[in-house]
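What the coordinates show
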Amino acid sequence: MPATAARGRAPAVALGGLIAAYVATFGTLTWFQHENFGTFGYDMGLYDQGIWLVSRFKDPFVTIRGLNFFAHHVNLITLLFVPAYWLGAGPHFLYLVETVWMALGALPLFLLARDRLESGWLAVAVAGSFLLYPALEWINWWHFHPDALIITPLLFAWWLAGRRRWGWFAVAVAVALACKEDAALAVLMLGLVLAVLGQRRAGLVTAAAGAGWFLVATRVVIPAAGGGAGPFYQELFPGFGDSLGEIVWNLVAHPSRLLGLATLPDRLTYFWQIMAPVAFFPLAAPLVLLISVPQTVINVASGHALTHDIHYHYSAIVLTGVFLATVEGMAWIGHGPGTRRALVAVLLTTSLAANVAWSPSPLGRQYDDGIWARAEPRHATVRAALRLVPAGAGVSASYNLIPHLTHRTYAYEFPNPWVVANWGAHGENPPDPATADYLVIDERLLGDQRPLFDRLLSPQGGYTRVFASDGIVVARRQPGAGGS
């Protein structure tokens, strides 16, 4: 191979090494996160049960959530996982798919940065900063969520639009839309930005596709799957209305309300942790940054604290727009090779500092703070207890045990089905206690549900212990016992 060709391929090889290192690191960490009972019914168990039900051609009513799988969110992308579930896939598979899929987001960023910064090695550095980004790694940590899968196709879509490769652009947009209905708002903005930048026809078609899919998902698919009930997340915006139309109107008509929320300390911390790792370069490309604005507004306006916290999946679309604007902003500022190298040096410095300060990676200060579940001697007892639950039997289990028992029609996160908690959109379709054949409980986690547990295992409660060791209890419903 000629030396010049080898040098030309070296950045691509380096990029492959970075992606492989990320997958190896977070693939291992997330594998053991589930293996060591660090995942919960919300949300790992929810998605695992939903996909399993679909794979078995059953009614996809997710008893972890109390909603039809597609009334929770429109995650059509999960249908691609059904064949893997025929072969026995489960939470480990979901975590691995998420890890690989997210890591591959470094590829379109590399391609974009190589085009804009005119250097393969500078592009590798940009891709590395993406893989170091704290919010990305926290999304990877926090169970499996289809939101995370939006990142890579949306990054590809922007790069493909710049290359005028509209066929593949349409594929990338369709994949992003299939991940979750929220992606539609980002696609809408993507189309408007492209239209402003001169791609009028493609941009307007893209915007129309985003708007149309959002309406179909929220007004047709979710209500149809939920028996007529609309999206439950409309209730997450106190002070802005009770319907989607009211919420949008009040956000537009009363910007002072949004500004008041945006300047609260927790929101300011959120903005700082989103922008500081990329040295605030996205502010140099405000038009491109608009792609993330709808989701940012949603996150800031929401009364749900997790939405404006980098530790959770709600930032997936936000970070996508941030990185696209980072590359475009650096390209706009950097008029020569020397300036671009300096900008990339700053980016790498802030990315590495942020990773140490805020990330869950092995470099991060929080790595040893218990965020990653570690193996414990009692886990052997837990696994022995789980093996006592027959396949297909209905079960109610502690929140950290239920994701290991979700390949069944009736799987509840205790205290469901006796105390309806985190169920349905409006408490509808109450669960039937008679469908819980087994209890698998970690007594250390009972808290204020101890009286219910004691009642269920009392002589009149209908359940008999079949296993009890090291605080782990398995109980079986007594023959003929009703739903108490």
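Treat the numbers as computed from the prediction; the structure is a model and nothing was measured.

On the surface, Phe 57, Trp 86 and Leu 87 cluster together into a nonpolar patch covering about 470 Å² of accessible area. Among the secondary structure elements, Leu 87 is positioned in the loop between α4 (82-86) and α5 (91-103). Owing to a relative accessible area of 78%, Leu 87 belongs among the exposed residues under this scheme.

Take the packing of helix α6 (residues 106-117) against helix α9 (residues 151-162) next. In helix packing, the relevant descriptors are the interaxial angle and the interaxial distance, both defined with respect to the helix axes. Contact pair α6 / α9: the axes reach a minimum separation of 8 Å and the direction vectors enclose 25°. Taken as axis vectors, α6 and α9 run roughly parallel relative to one another. Remark: the crossing between α6 and α9 carries left-handed chirality. In this structure, α6 contributes Leu 107, Pro 108, Leu 109, Leu 111, Leu 112, Asp 115 and Arg 116 to the contact, and α9 contributes Thr 152, Leu 155, Phe 156, Trp 158 and Trp 159. When grouped by side-chain class, the residues that make up the contact of α6 with α9 number 9 nonpolar, 1 polar and 2 charged.

This paragraph deals with the sheet that holds strand β4 (residues 411-413). To summarise the sheet geometry, strands pair through backbone hydrogen bonds and adopt either a parallel or an antiparallel arrangement. Taken in spatial order, the 5 strands of this open sheet run β4-β3-β5-β7-β6, and their pairing is mixed. In the strand order of this sheet, the two ends are held by β4 and β6 (463-469), each with one partner. Between one strand and the next, the sheet's axes are offset by a mean angle of 15°, whatever the strand orientation. Sheet topology places strand β3 (residues 395-397) next to β4; 3 bridges connect them, and they run parallel. Looking at the pairing, Ser 396 lines up with Tyr 412 of β4.

Basis of the calculations
Residues numbered from 1 in each chain as written. Predicted model: local features only at pLDDT ≥ 70, side-chain atom pairs only at ≥ 80, totals over all residues. Heavy atoms only, no water. Patch = residues over 30% accessible without salt bridge, like charges linked within 9 Å, V, L, I, M, F, W, Y side chains within 5 Å. Areas by Shrake-Rupley, 256 points an atom, 1.4 Å probe, with all protein chains shown as cover. Salt bridge = Lys/Arg side-chain N within 4 Å of Asp/Glu carboxyl O. Helix = DSSP H or I, 4+ residues; strand = E, 2+ residues; numbered from the N terminus. Buried < 20%, exposed > 50% of the residue type's maximum accessible area, 1.4 Å probe, protein only. Axes fitted to C-alpha atoms, helices over the stretch in contact; angles between N-to-C directions. Parallel < 35°, antiparallel > 145°, perpendicular 65-115°, else oblique. Left-handed = near helix turned anticlockwise from the far one by under 90°. Contact = heavy atoms within 4.5 Å. Nonpolar A, V, L, I, M, F, W, Y, C, P; charged D, E, K, R; others polar. Pairing = 2+ DSSP bridges.

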